[in-house]
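Observations on the three-dimensional arrangement
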Amino acid sequence: MKIAKCKSQNSPSAQFLHFSICTLHFALRSANKASSRFILGAAFLLSVTGVLMVAPPVGGLQQSPAPPSAPHYEPIGLVPHAIAVGDFNGDGVPDIAIPAAAERKITVLLSNGQGGFAANHSYTTGMGPSWVETGDWNGDGKLDLVTANTGGGSLTLYFGDGTGKFSGMQEIPNIHGPASLVAVDVNRDGRVDLAVVQAKESRLVILENSGGRFKLSSTYQVGRAPHIVTKVDLNQDGITDLVVGSFGRHTLSVLLGKGDGTFQTAADVQVGRFPHYVAVGDWNRDGHPDLAVVCAGEDAIFILEGDGTGNLRKVGTLPTGANPHGLAVADVNGDGVADLIVSARSAGELQVFLGDGKGGFSALPVIRSNQDIIALAAADFDRDGKVDLALVSASHNSVVMLRGDGKGGFAPFPGLDSQKQ
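Right, let's walk through the structure included here. (Residues numbered from 1 in each chain as written. Predicted model: local features only at pLDDT ≥ 70, side-chain atom pairs only at ≥ 80, totals over all residues. Heavy atoms only, no water.)

Section: the sheet that holds strand β4 (residues 105-111)
Pairing within the open sheet is antiparallel, and its four strands lie in the order β2-β3-β4-β5. Only two strands of the sheet have a single partner each, and these edge strands are β2 (84-86) and β5 (117-124). Averaged over all pairs of adjacent strands, the angle between their axes in this sheet comes to 20°, without regard to strand direction. Examined bridge by bridge, β2 and strand β3 (residues 95-100) share three bridges and lie antiparallel to one another. Bridge pairing in β3 places Ala-84 opposite Ala-97. (Pairing = 2+ DSSP bridges. Helix = DSSP H or I, 4+ residues; strand = E, 2+ residues; numbered from the N terminus. Axes fitted to C-alpha atoms, helices over the stretch in contact; angles between N-to-C directions.)

Things to note about the environment of Ser-130
Assignment of secondary structure puts Ser-130 in strand β6 (residues 129-135). For Ser-130, the side chain forms a polar contact with the side chain of Thr-150, separated by 2.4 Å. (Polar contact = N/O pair within 3.5 Å; in protein donor to acceptor, adjacent residues only side chain to side chain.)

Regarding unusual backbone geometry
With a phi angle near 55°, Arg-104 is a residue other than glycine that sits in the positive phi range. Looking at the element boundaries, Arg-104 is found in the loop between β3 and β4. Arg-104 sits in the partly exposed class, given a relative accessible area of 44%. (Buried < 20%, exposed > 50% of the residue type's maximum accessible area, 1.4 Å probe, protein only.)

Side note on the side chain of Thr-156
For Thr-156, the location among the structural elements is in strand β8 (residues 154-160). Overall, Thr-156 belongs to the buried group, its relative accessible area being 1%. Engagement of the side chain of Thr-156 in a polar contact is seen with the side chain of Asn-149, the distance being 2.8 Å. Other than its neighbours up to four places away in sequence, Thr-156 contacts Thr-124, Thr-125, Gly-126, Leu-145, Val-146, Thr-147, Asn-149, Met-169, Gln-170 and Glu-171. (Contact = heavy atoms within 4.5 Å.)

Here it is in structure tokens:
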């Protein structure tokens with residue numbers, strides 16, 4: 001297969017298409033013929049839904065050894081793309097919500113406390129949902145949901161009843177090309193607002209909450225072709241700041257919050273090509289927030305240390321498998337130090353990096369998943385006090401649960417099919 005080289009473009013629409021094609025180009029470099037057909041299908045899906053999905057399917061990863069025990073694949077719909085975790089029914093066990101871009105729905109999985117699920121419910125969304133976030137939109141003390149519908153140019157809100165069910169669907173239209181969003185109280189009025197990334201417009205929009213209804217408040221330019229937005233108090237003033245990864249400029253745009261609903265003009269921090277998920281932690285335990293960002297074009301995690309004033313400095317990289325994407329931070333071995341877990345989509349791998357508390361990380365042996373893990377979450381799903389993993393498998397359109405051993409190792413939960421209700 002002949003692959004054209006990527007060239008720079010000028011218009012916003014061309015720039016958005018440019019970063020999509022360049023990412024496809026990156027994925028095709030190491031793909032076999034079957035994988036290439038899958039990726040070209042993903043390119044077609046992008047044209048329909050606006051959701052970018054690029055990674056070779058599991059058929060191209062069969063040379064990897066099988067995991068210790070067969071995983072259970074919990075169905076979640078076609079083309080899953082993100083994950084959110086929260087206790088939706090108040091039983092003290094984390095539950096999961098995942099959007100399915102090709103089916104215009106969000107799936108809510110209620111945990112059974114044994115690493116499996118007691119219920120699997122789906123809710124209709126706008127076209128091409130690519131992101132999900134939780135928060136209490138109406139202030140009733142119960143978790144609600146929102147999806148960013150990239151294909152439909154809208155957001156879909158649902159309100160939780162505290163038992164794990166959701167209703168009262170609301171659509172927020174005219175949010176063109178929303179790629180991701182985050183729940184944050186931007187004006188410190190006690191209500192949860194929304195910060196939404198618009199990929200085609202290369203901007204961040206703030207929607208302020210008024211009793212469960214959202215209205216546009218302000219907009220900010222960020223790096224070209226932005227992707228994922230993350231919240232963190234970088235300058236430690238008690239006010240939430242925002243960080244947005246840019247596919248077009250390979251940067252992080254840092255917007256420091258003012259506490260009145262507005263933000264300072266974005267300052268760019270150079271990172272690697274195609275920054276995806278960002279993790280927040282204090283890697284060197286100096287009391288200042290630090291960041292880790294997965295850069296798919298570099299096959300690496302970039303480690304950035306913060307100085308407590310809003311500045312970030314690159315201090316190193318952690319090599320990963322091909323096309324890393326999902327990233328989570330958790331103390332997987334119980335030593336009180338933050339560790340990192342990353343999924344490499346094209347390699348079909350997971351890797352754990354143990355933090356040393358001094359800013360350094362050491363890699364544990366690679367965990368072969370034989371799957372395209374596009375996103376993951378770390379939490380204690382079986383109430384044994386150890387960190388487990390929920391993996392979003394784009395190749396199987398499912399969630400796979402891995403049990404943590406408290407030392408940084410993970411393996412499929414046994415007997416999940418018999419737990420299914």
